[in-house]
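# Residue-level structure breakdown
Letter by letter, the chains look like this.
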Amino acid sequence: MLLLLLSALCIYEEEVDGDPWDGPCPTSCTCIQNARNGCKLAAFCEGREASSFLRGFSAETDCLSVSNPNLAKLSTDSKHKFLMALPAELRFLSLQMCGLGAGSGLPNGAFSRFRHLVSLDLEFNMITSLPHDAFHGATALRTLWLTGNHWQPDERGYKQAQAMGNRLSSLAPDQFVGLRSLQVLLMHHNNLKSLPSALFSEQTELRVLKLVDNSKQFQLSEPALAQLLTKRRRCQPGSPSGGDCLQLDLTEDSGDLLEDIWDEAGVAVMAEPAFSEKMANSKGLEMIMMNPEHTYMAQSAHAFMNS
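The structure reproduced in this document is the subject of the present report.

The rules behind these values
Residues numbered from 1 in each chain as written. Predicted model: local features only at pLDDT ≥ 70, side-chain atom pairs only at ≥ 80, totals over all residues. Heavy atoms only, no water. Helix = DSSP H or I, 4+ residues; strand = E, 2+ residues; numbered from the N terminus. Contact = heavy atoms within 4.5 Å. Polar contact = N/O pair within 3.5 Å; in protein donor to acceptor, adjacent residues only side chain to side chain. Disulfide = S-S within 2.5 Å. Buried < 20%, exposed > 50% of the residue type's maximum accessible area, 1.4 Å probe, protein only. Pairing = 2+ DSSP bridges. Salt bridge = Lys/Arg side-chain N within 4 Å of Asp/Glu carboxyl O.

### Regarding the environment of K210
Structurally, K210 is set in strand β9 (residues 208-210). For the pair formed by K210 and D249, sequence separation is 39 residues and the distance between their alpha carbons is 4.7 Å. In this structure K210 touches L185, L186, M187, H188, Q247, D249, D253, G255 and D256, once residues within four positions along its chain are discounted. There is a polar contact of 2.8 Å between the side chain of K210 and the side chain of D253.

Here is the structure:
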């Protein structure tokens, strides 16, 4: 079965073109329909009160970006209510700068009800640990951001980024069970000291795994990584993946070529039936076809067009 090329892009309002939406939209949000990146209805929320997110979403909302540091103050029960209030049909969810890992952390099964979710961004959420079943049930997930703070001291907003950054220190053996479609997993700039040996036992489609700048510098001999490399050849160290090899970043960040290709093709959260038309009208296909390193991407694009 061919893979749907999905990007885990931040969908900030100023980056997304679309049409005004006159239907239900929370008071703290701006809603746009027919967005260029494939969102049917996108909501951008930056309200300061958590209660403002507990009502008002249209059931048609499939892309949501929430940025609200005050969510860090919520109890585990309130965090559960917040997540339960989000539309179940979401395909893209960005929760950057929400601090949901603060205090008692994320609730059990935090994202298990989002079975259509293909992209989840949890950067800057003060996450130090995860419930073992946090992602169980989110079986469509293709891109997962668990990155720690990657901002530099001379960048504006560094102090807040440092305070809100993830510091993930451990992972459960069944952390990623059921995520067989996962292609991009970002866990760099954290405090990981070990990887359970069977951690990636179901990740046959993984193309990008970043582990740079953790408490331990992981080696290829790590059982979890050795098992992963039996499923897909590794890209040359320092070289990004175009989709046909595994970009396994252990000592240096090789970049985000795969996500850039998806972005250029305009298929951020594109549903499969619309993929052919979108690719045919994008500059992304030309870029993919002209670069011999993108063989996998080119073959996938042609297959979608001819299906």
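Moving on from the coordinates now.
### Some words on the state of the cysteines
Across all of its chains, the model carries four disulfides by this definition. Each sulfur of the disulfide joining C29 and C45 lies 2.0 Å from the other. Handedness of the C29-C45 disulfide follows from its S-S torsion of about 105°: it is right-handed. Separated by 16 residues along the polypeptide, C29 in strand β2 (residues 29-33) and C45 in strand β3 (residues 41-45) bring together distant segments of the chain. Comparing C29 with C45, the two get one shared label, buried. Each sulfur in the disulfide pair C39 and C63 lies 2.1 Å from the other. Its S-S torsion of approximately -95° makes the covalent link between C39 and C63 left-handed.

### Notes on unusual backbone geometry
Phi is mostly negative for residues that are not glycine, and the peptide bonds are mostly trans. Of note, F124 is a non-glycine position whose phi angle comes to about 55°, a positive value. Following the sequence through the fold, F124 ends up in the loop between β6 (119-121) and β7 (143-145). For M126, which is not glycine, the phi dihedral falls at a positive 55°. Inspection of the secondary structure puts M126 in the loop between β6 and β7.

### A look at the pairing of β2
Sheet topology places strand β1 (residues 19-20) next to β2; two bridges connect them, and they run antiparallel. Bridging across to β2, P20 finds its partner in I32. Here β2 runs beside β3; their pairing, made up of five bridges, is antiparallel. Residue T30 lies in a different strand from β3, and its bridge partner there is F44.

### Observations regarding the sheet that holds strand β8 (residues 184-186)
On the basis of which strands lie adjacent, the open sheet formed by ten strands has the order β1-β2-β3-β4-β5-β6-β7-β8-β9-β10 and mixed pairing. The open sheet has two edge strands, β1 and β10 (247-249), and neither has a second partner.

### Details of the pairing of strand β4 (residues 63-66)
The side-chain alternation of β4 yields two buried faces, one formed by C63 and S65 and the other by L64 and V66. Strand direction decides the pairing type here: β3 and β4, joined by four bridges, are parallel. Each bridged residue has a counterpart across the sheet, and for A42 the counterpart in β4 is C63. With three bridges joining them, β4 and strand β5 (residues 92-94) adopt parallel strand pairing.

### Examining the pattern of salt bridges
Scanning the entire structure with this criterion turns up nine salt bridges. With a closest N to O distance of 2.4 Å, D62 and R91 form a salt bridge. A residue pair is termed long-range when its members are at least 10 positions apart, and D62 in the loop between β3 and β4 and R91 in the loop between α1 (76-85) and β5 qualify at 29 residues. For the residue pair D62 and R91, the accessibility class agrees, reading buried in each case. With its nearest N and O atoms 3.5 Å apart, the salt bridge here joins E202 to R180. Pair noted here: E202 is in the loop between β8 and β9 and R180 is in the loop between α2 (158-164) and β8, with a separation of 22 residues, a long-range link. Taken together, the shared-partner salt bridges in this structure form one network comprising E205, R207 and R232.

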